[in-house]
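# Summary of structural features
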Amino acid sequence: MNDTAMQNKNTGFVWHESYAWHDTGTPALFVPADGKTVQPDISGDDPEVKRRFRNLLEMSSLWDKLHHIKPRPAAEEDILRVHGRGYLERVQSLSRSGGGEISPMTMCGPNSYEIALLSTGGVMAAADAVLEGNIRNAYALVRPPGHHAMPDEGQGSCIFSNIAITARYLMDQYGLERVAIVDWDVHHGNGTEAAFWSDPNVLTISIHQDRCFPQDRGFVEQCGEDDGEGFNLNIPLPPGSGVPAYQATFDQVVVPALDRFSPDFILVASGLDAGALDPIGRMLMHSDGYRYLTEAVMAAADTSCDGRLVLCHEGGYSRATVPFYGLAIMEQLSGINTGIEDPFLEMVQGFGGQELLPHQQSAIDKAGQLLGGVR
Ligand code: ZN
C-alpha cells in the first residue's frame, strides 16, 4: 500500500478468528447446564455476535477503507502490569489442561490463555497504531472481554483486563501521563475500577445499568480512594434508560469530566449490551444512540489529545442488533457513511421510554456532583 492510500485510512480495526474460538462451554446464558433442569444452550458470551459485527463490516463498503491491524499476543509482563502472577499461572495451567472454570460465569477452554493474550494484545496493537500516527482512532473487536477481570480473579466472562493493561502500557511504554477510560457497557466496569482505584492519573468513568452486574459495585459514592479519590466516576442509570438519558449523561457529566481531566489518550470499554434488544441488559439504546456517544468521545479526544481514541469491545449479546451498533460506531469513527440502514432503528426509536425522565435526570445530577473532584 502506498503512503497516500494509508493516509486515507484514518480508522483501524482489530479482529482475529481465534477470538471466536475461545470456548466458554454450553451454559444457558451464564448458568451452567447441569443435565437435569438447565438444558445446554449457546453461551451468553456468544462468539457469533462478534463475528456477525465483523461480517457486516465486510459486507459494507467500509471494510476496504479500514486500516486492518494484526493483533499480537500480549507478553506475560504486560499481563502482570495489572494481574498477579499466581492468577496468570492459574489461567495458563487451566488452559493447558483443556480448560475449566476460572470462577463462576468465567470459563477457560483449550488454548484460552493464548487467545486471551491475543485479545489484550489486540487492544495494545490498536493503541500502538494510533500513537505511531498511522491512524486517528481504532476499534479492537476482541474476545474474551476484560472489564470485569479483577487483579487476581476472572469475573463475568473476562479473563485479563484488556483495557486496564493497555492504559498501563501506554503510560509505561510511551510515557503518557494521563489516560481516561469511558465504559459504556451496560454492566459496571469493576475490574477497570479496581486497577486504578487509588490512581489519580487514570480517570475511570463507568455508565451502567444500576445493579445489573456486579450488584455490589458501581454506586455513585464509590469514587476512588487516597490520591485516586475523585478520579473514579460511577454513573448508575435506572433500568429502562433510553437514548435521551445516555445523551444527557454524556453532555452533562462524561464530556465535562473528560474536558476537565484533559487526558493524553482516551480508551472506551465498548460493550453493546445497553441496546434495547439485548437479552441481559434492560436499557433502550439504539444505533443512532451509539453514534452520538461515539461522536461525544471523539470530540472530547479532539479537544484534549489530538483525537487519540481506541474503543475496546466488551459485552453485547443480541446477535441480530449488535452488528448494526458496531457499524454505526465504525461509520462515526471513520467519517464514512456506508448507506446501510439499521433495520431495527425505527422500531426501537418508537418504544416508550425514549425520553429523559425525572428519575433518570436525578441520577445524572447526582453523578454530576462528582465533577468538582476531577482535576
Ligand atoms: Zn456487559
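Scroll up a little and you will see the structure.
Let me begin by describing the structure that accompanies this report. (Residues numbered from 1 in each chain as written. Predicted model: local features only at pLDDT ≥ 70, side-chain atom pairs only at ≥ 80, totals over all residues. Heavy atoms only, no water.)

### Looking at the environment of Gly289
Note on placement: Gly289 falls in helix α9 (residues 287-305). The class for Gly289 is buried, based on a relative accessible area of 1%. Sequence-wise, Gly289 and Ile102 are 187 residues apart; in three dimensions their C-alpha atoms are separated by 35 Å. (Helix = DSSP H or I, 4+ residues; strand = E, 2+ residues; numbered from the N terminus. Buried < 20%, exposed > 50% of the residue type's maximum accessible area, 1.4 Å probe, protein only.)

### A closer look at the coordination of the zinc ion
Protein ligation of the zinc ion involves Asp185 (OD), Asp185 (OD), His187 (ND1) and Asp273 (OD), the donor distances falling in the range 2.0 to 2.7 Å. Donor residues binding the zinc ion come from one chain and are separated in sequence as D-x1-H-x85-D. Using a relative accessible area of 7% as the deciding quantity, one classes His187 as buried. (Donors = N, O, S within 2.8 Å, 3.2 Å for Na, K, Ca; no water.)

### Here we look at empty space enclosed by the protein
Taken as a whole and judged by the stated rule, the model has one cavity of 30 Å³ or more. Considering only enclosed or pocket space, the largest cavity measures out at about 60 Å³ in volume. Taken together, Ile181, Asp183, His188, Gly189, Thr192, Glu193, Thr204, Ile205, Ser206, Asn232 and Asn234 form the lining of the largest cavity. Breaking the lining of the largest cavity down by element, the ones donating at least two residues are β6 (179-183), α7 (190-195), β7 (202-209) and β8 (232-237). When residues of the lining of the largest cavity are assigned to their parent elements, the largest contribution, three residues, is made by β7. A class-by-class count of the residues in the lining of the largest cavity yields two nonpolar, seven polar and two charged. (1 Å grid on protein atoms, 1.4 Å probe; cavity = no way out; pocket = protein on both sides within 12 Å on 5 of 7 lines; lining within 4 Å. Points joined across faces, edges and corners; volume = space filled by probe spheres on them. Nonpolar A, V, L, I, M, F, W, Y, C, P; charged D, E, K, R; others polar.)

### Let's talk about the packing of aromatic side chains
Enumeration according to the criterion identifies 13 aromatic pairs in this entry. Plain terms: the ring middles of Tyr290 and Tyr325 are 5.1 Å apart, the flat faces sit at 40° to each other, and that makes the pair tilted. Linking Tyr290 in helix α9 with Tyr325 in helix α10 (residues 322-334), this pair joins segments that are 35 residues apart in sequence. We classify Tyr290 as buried; its relative accessible area is 1%. Members of the aromatic cluster, connected to one another through ring pairs, are Phe13, Phe53, Trp63 and Tyr139. Directly above the ring of Phe261 sits Arg178, whose terminal nitrogen or CZ lies 4.1 Å from the centroid. (Phe/Tyr/Trp six-rings, centres within 6.5 Å; stacked < 30°, edge-to-face > 60°. Lys NZ or Arg CZ within 6 Å of the ring centre and 35° of its normal.)

### Considerations on the sheet that holds β7
Strand order in the open sheet made by the eight strands is β2-β1-β5-β10-β9-β6-β7-β8, with parallel pairing throughout. The open sheet has two edge strands, β2 (67-69) and β8, and neither has a second partner. Taken pair by pair, the neighbouring strands of this sheet meet at an average axis angle of 15°, ignoring direction. One ladder, built from five bridges, connects β6 with β7; its direction is parallel. (Pairing = 2+ DSSP bridges. Axes fitted to C-alpha atoms, helices over the stretch in contact; angles between N-to-C directions.)

### Brief notes about the packing of helix α8 (residues 243-261) against helix α12 (residues 358-368)
Packed helices, taken two at a time, are described by the angle between their axes plus the distance between the axes. Between α8 and α12, whose axes approach to 10 Å, the crossing angle comes to 20°. Taken together, α8 and α12 sit at an angle that is classed as roughly parallel. For α8 against α12, the interelement crossing comes out right-handed. Residue-level contacts link Ala245, Ala248, Thr249, Gln252 and Val253 of α8 to Gln360, Gln361, Ile364, Asp365, Ala367 and Gly368 of α12. (Parallel < 35°, antiparallel > 145°, perpendicular 65-115°, else oblique. Left-handed = near helix turned anticlockwise from the far one by under 90°. Contact = heavy atoms within 4.5 Å.)

### Considering the environment of Ala328
Mapped onto the elements of the fold, Ala328 is located in helix α10. Separated by 10 residues in sequence, Ala328 and Thr338 place their C-alpha atoms 9.3 Å apart. Among all residues touching Ala328, those that are not within four sequence positions of it are Ser287 and Arg291.

### Examining the environment of Gly224
Mapped onto the secondary structure, Gly224 falls in the loop between β7 and β8. For Gly224, a relative accessible area of 11% puts it in the buried group. Considered as a pair, Gly224 and Glu193 are 31 residues apart in the sequence and their alpha carbons are 8.1 Å apart. Excluding its chain neighbours within four sequence positions, the residues that come into contact with Gly224 are Trp197, Glu229 and Asn232.

### Some words on α8
End to end, α8 covers 25 Å across 19 residues, agreeing with the expected 27 Å (1.5 Å per residue, within 8%). When the local axis directions of α8 are compared, the greatest deviation, roughly 40°, occurs at Phe250. Val243, Ala245, Tyr246, Ala248, Thr249, Phe250, Val253, Val254, Val255, Ala257, Leu258 and Phe261 are the residues of α8 that are buried. Turning to α8, the residues buried within the fold contact β6, β7, β8, β9 (265-270), α9 and α12. (Expected span 1.5 Å × (residues − 1). Bend = angle between axes of the 7 residues up to and from the residue.)

So yeah, pure geometry; function would need other evidence.
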